[in-house]
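Residues per chain are reported as follows:
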Amino acid sequence: MMSANPVRPTTHVRLLAWLRARGWLRSAYHALPHPLREAGLKLATCRLRARARFPRTAAWQAWKQAEVPVVQRRQLDGPIPGINILGYIHGQFGLSEAARSYARALIENGVPVALRDFDPGLPGADGDHALDAYLDPRLPHAISIIFVNPDFLERALAELGTARLKGHYVIACWFWELETLPANWLPSLDLVDEIMVATAFVEQAVKRATDKPVFRVPMPLGAPQDSGLQRADFGLPDDAFTFLASFDFNSRMERKNPEAVIWAFLLAFPPERTDVRLLIKSSNGHRFPHWLKHLLAVAAGDPRIIVRDDVIEREHLGALQRCCDAYVSLHRAEGFGLGLAECMAIGKPVIATGWSGNLEFMNDECAALVEYTLEPVGDGHYPGGEGQRWASVDIRHAASWMRKLVDEPGLARAIGERGREHVARVLSAGNAAQRIVLRTNEIQAARHIRVETIQEQQIPGSGRNKL
């Protein structure tokens, strides 16, 4: 098996890793006000950001974000309780998209929904306002689903205030990428009544840590969002088979493993193959400039490999996914794998590590699953990864899948179509809404029974023991 990381980190990377390991330096840095930290990072990396940014064509400038109201498509059967959705509603990152995806699924199926936005103080935290019509800070419904992972949960609940949540049944929707929840997440289990998860992989991790109810609702996919940009607008040729890999540096490059995609591409296609391209699209590289420079260095020397680091509108990302021919994720671990699901939904063949959360919506019939071995998570490679394991993909197997998709267009089309049909069933908005409504009805019925029981126990002469 060929190593997924055959290039050793540069001296610059090792130095930055050493600095990051110094706790007192991290504390001093994080003590600075967030706007000051961000401004300093952007100023220090202005040349790097300009080098990695997508060139803007006239079409980028002409595009205007359309405000399309969410419409109710159908009404679910049975009683429908209202639900509060709390999270980073305006954000442009994975957990934000998850909150909006579940909210849209409920809204489109006639469920009363009230949204409450948090500002995490991160880049890309205020870019999507499509659901602003449903914002309601009153939290009018008795059941709340909060899309905030445990590392920020206490802060978010404190922002709401205990009085605001009094009497509410609080469900936390969490995403985690490894087999065991980290120890510093466990106290947050006491802050919620129940946990909702998107995949069986995360479900198993949570159930190992708690006896509280855990229920699984695969994340629903809505209609594709597409700004209409074309290949030329992204600097891509029309006559080359283009692979896309995307990730957010905030999700850790070590886990997303884009280097493995580069090595698989180089192994699959010798330099004389000019009919192929690989686009690595990242975001928030300015916050990890040492890793962005390292990624650019690994890709340097082969003009067929393009690295772009840019936070772009959701509709532009949808256009980019449409313009590419296949999507590749050689991740070491995934809680879900949104980019994979979105590309499958529009009929693109996907190549992915055959392990972790992405198996919720893919199998070897509808995706090109790559072989792997499990290995220990390296020291400092992922927060909460101590003593855990993740996947090391077989680069040669990934390379063989890349060659097949390019050289056998019929196979690529067949995998893409089977993937589209599969996620349409598994990640249906209607199915997700129905599951949530059924569960919330169960919760309300159980709470009603409990209230009645308590009242009966407090009635003198009822024949029941008092509390």
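Residues numbered from 1 in each chain as written. Predicted model: local features only at pLDDT ≥ 70, side-chain atom pairs only at ≥ 80, totals over all residues. Heavy atoms only, no water.

You'll find the protein chain entered in an unreviewed UniProt entry as Glycosyltransferase involved in cell wall biosynthesis, with Stenotrophomonas rhizophila given as the organism.

### A few points about the overall build of the protein chain
Check the secondary structure of the protein chain and you find 17 helices and 14 strands. When burial is assessed residue by residue, the protein chain has 54% of its 467 residues classed as buried. For the protein chain, the exposed surface amounts to about 21300 Å²; the carbon and sulfur share of it is 53%. (Helix = DSSP H or I, 4+ residues; strand = E, 2+ residues; numbered from the N terminus. Buried < 20%, exposed > 50% of the residue type's maximum accessible area, 1.4 Å probe, protein only. Areas by Shrake-Rupley, 256 points an atom, 1.4 Å probe, with all protein chains shown as cover.)

### So, the sheet that holds strand S10 (residues 326–329)
In spatial order, the strands read S9-S8-S7-S10-S11-S12; together these six strands make up an open sheet with parallel pairing. The open sheet is flanked by strand S9 (305–309) and strand S12 (368–370), the only strands paired with a single partner. Pairwise comparison of adjacent strand axes, ignoring direction, gives a mean angle of 20° for this sheet. Sheet analysis places strand S11 (residues 350–353) next to S12, joined by three bridges and oriented parallel. Looking across to S12, one finds that Thr353 is bridged to Val370. Packed on one face of the sheet, helix H14 (residues 338–345) meets S10 and S11 and runs near 155° to S11. Packing of helix H15 (residues 395–407) onto the sheet brings it into contact with strand S7 (241–248), strand S8 (276–283), S10, S11 and S12, and relative to S12 it is tilted by some 165°. (Pairing = 2+ DSSP bridges. Axes fitted to C-alpha atoms, helices over the stretch in contact; angles between N-to-C directions. Contact = heavy atoms within 4.5 Å.)

### Examining H15
For H15, spanning 13 residues, the distance from its first C-alpha to its last is 18 Å, which sits close to the expected 18 Å at 1.5 Å a residue. The N-capping residue of H15, defined by a side-chain oxygen 3.0 Å from the backbone nitrogen of Arg396, is Asp394. (Expected span 1.5 Å × (residues − 1). Polar contact = N/O pair within 3.5 Å; in protein donor to acceptor, adjacent residues only side chain to side chain.)

### Concerning the packing of H15 against helix H16 (residues 409–426)
It is at 5 Å that the axes of H15 and H16 come closest, and there the two elements cross at 105°. Here H16 runs roughly perpendicular to H15, going by the angle between their axes. Here H15 contributes Trp401, Lys404, Leu405, Val406 and Asp407 to the contact with H16, which in turn contributes Pro409, Leu411, Ala412 and Ile415. Taken together, the residues of the contact of H15 with H16 sort by class into seven nonpolar, no polar and two charged. (Parallel < 35°, antiparallel > 145°, perpendicular 65-115°, else oblique. Nonpolar A, V, L, I, M, F, W, Y, C, P; charged D, E, K, R; others polar.)

### Concerning the sheet that holds strand S5 (residues 194–197)
The parallel open sheet is built from six strands, whose spatial order is S2-S1-S3-S4-S5-S6. Among the strands making up the open sheet, the edge pair consists of strand S2 (113–117) and strand S6 (214–216). On average, adjacent strands in this sheet sit at an angle of 25° to one another, irrespective of strand direction. Pairing between strand S4 (residues 169–173) and S5: three bridges, direction parallel. What sits directly across from Cys173, in S5, is Met196. Running over the sheet, helix H9 (residues 200–207) touches S5 and S6 and is turned about 175° from S6.

### Here we look at the packing of aromatic side chains
This structure, assessed with the given rule, holds 18 aromatic pairs. An angle of 20° between the planes, with centres 6.3 Å apart, marks the rings of Phe249 and Phe288 as stacked. Of the two residues, Phe249 is situated in the loop between S7 and helix H10 (253–256) and Phe288 in the loop between S8 and helix H12 (289–299); the sequence distance between them amounts to 39 residues. The class for Phe249 is buried, based on a relative accessible area of 1%. On the basis of relative accessible area, Phe288 is assigned to the buried category, the value being 15%. Aromatic rings pair up to connect Trp174, Trp176, Trp185, Tyr382 and Trp390 into one cluster. Across the ring face of Trp60, the terminal group of Arg56 is positioned such that the distance to the ring centre comes to 4.3 Å. When the ring centre of Trp401 is taken as reference, the NZ or CZ atom of Lys404 above it lies at 5.0 Å. (Phe/Tyr/Trp six-rings, centres within 6.5 Å; stacked < 30°, edge-to-face > 60°. Lys NZ or Arg CZ within 6 Å of the ring centre and 35° of its normal.)

### Things to note about the confidence of the model for the protein chain
Residues at a pLDDT of 70 or more form 82% of the protein chain, whose mean pLDDT is 87. Low pLDDT, under 50, characterises residues 451–455; the stretch is placed with one contact to residues that sit more than four places away or in other chains. Scored below 50 in pLDDT, residues 461–467 shows eight contacts in the model against residues more than four places distant or in partner chains. (pLDDT = per-residue confidence, 0-100.)

### Describing the pattern of salt bridges
Under the criterion given, the structure shown has 24 salt bridges. As a salt-bridge pair, Asp407 and Arg273 come within 3.1 Å of each other at their nearest N and O atoms. Of this pair, Asp407 sits in helix H15 while Arg273 is found in the loop between helix H11 (258–268) and S8, placing the two residues 134 residues apart along the sequence. (Salt bridge = Lys/Arg side-chain N within 4 Å of Asp/Glu carboxyl O.)

### As for helix H13 (residues 314–323)
Where burial is concerned, most of H13 is hidden: eight out of the ten residues are buried. Inspection of H13 places Arg314, Glu315, His316, Gly318, Ala319, Leu320, Gln321 and Cys323 among the buried residues, and these make up the whole buried set.

### Structural notes on unusual backbone geometry
The phi torsion at Leu139 lies on the positive side, around 50°, for a residue other than glycine. Mapped onto the secondary structure, Leu139 falls in the loop between S2 and strand S3 (143–147). Judged by its relative accessible area of 3%, Leu139 is buried. The backbone phi angle of Ser356 is positive, close to 90°, even though this residue is not glycine. Within the secondary structure, Ser356 is located in the loop between S11 and S12.

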